[in-house]
2 protein chains.
Amino acid sequence: MFKASITVTLRPAILDPQGKATHHALENLGFDQVERVRIGKFIELWIDVPSAEAARAVARAACEKLLANPVMEDFEVAVTVG
Amino acid sequence: MFKASITVTLRPAILDPQGKATHHALENLGFDQVERVRIGKFIELWIDVPSAEAARAVARAACEKLLANPVMEDFEVAVTVG
């Protein structure tokens, strides 16, 4: 069994209202050192395949078909034994 | 400037209906090798402080005060120069 840890992030050109709201909330709490906030998704998949390479291929296909919006989002996949 | 990359995940004992729904959607698309799905948040903070240690401290405080729910969620912070 392998675990794929996937981060899905908005592309840099895409506005991130959730990040903006979080930034304002942090400022209101006194976190003046925080200059910018971006919010994405973190997805963990447990995949039953024989190799890490196969797990990475499944995870990338899942991102392309369902988990990420290719117009607005980028994704990264890290595979570990899990 | 440092970048803190934060993953916020539901604690293992907490039900994850979003993960369950995503798992079903993946099964319907033919991803039978996926055994389990958990969904969390990925948050990037750009922090203007003199050292990576200080950036990590700001990011952890932001998680404890706002970004994570300590009853239901765990978080991990990774700091890079950004």
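Residues numbered from 1 in each chain as written. Chains lettered and ligands numbered in written order. Predicted model: local features only at pLDDT ≥ 70, side-chain atom pairs only at ≥ 80, totals over all residues. Heavy atoms only, no water.

Asker: Please explain the side chain of Asp16(A) as it appears in this structure.
Answerer: All names here are of chain A. Looking at the secondary structure, you find Asp16 in the loop between β1 (2-10) and α1 (17-28). Buried and unpaired, Asp16 has Arg38 as its nearest opposite-charge partner, separated by 4.3 Å. Polar side-chain contacts of Asp16 include one of 3.0 Å to the backbone nitrogen of Gly19. Side-chain polar atoms of Asp16 contact the backbone nitrogen of Ile39, separated by 2.8 Å. If we ignore the near neighbours within four places in the chain, the residues touching Asp16 are Leu10, Val37, Arg38 and Ile39. (Helix = DSSP H or I, 4+ residues; strand = E, 2+ residues; numbered from the N terminus. Buried < 20%, exposed > 50% of the residue type's maximum accessible area, 1.4 Å probe, protein only. Lys, Arg positive; Asp, Glu negative; His and termini not counted. Salt bridge = Lys/Arg side-chain N within 4 Å of Asp/Glu carboxyl O. Polar contact = N/O pair within 3.5 Å; in protein donor to acceptor, adjacent residues only side chain to side chain. Contact = heavy atoms within 4.5 Å.)

Asker: Would you explain the sheet that holds strand β1 (residues 2-10) of chain B in this entry?
Answerer: Strands in a sheet are paired, the pairing made by backbone hydrogen bonds, and the direction either parallel or antiparallel. Pairing in this open sheet of 6 strands is antiparallel, and the strands run β3(A)-β1(A)-β2(A)-β2(B)-β1(B)-β3(B) from one edge to the other. Lying at the two open borders of the sheet, with one neighbouring strand each, are β3 (73-81) of chain A together with β3 (73-81) of chain B. Taken over all neighbouring pairs, the strand axes of this sheet differ in orientation by 20° on average, direction set aside. Pairing of β1(A) with strand β2 (residues 34-47) of chain A, which is carried by 7 bridges, proceeds in the antiparallel orientation. From the neighbouring strand, Lys3(A) faces β2(A), where its bridge partner is Trp46(A). (Pairing = 2+ DSSP bridges. Axes fitted to C-alpha atoms, helices over the stretch in contact; angles between N-to-C directions.)

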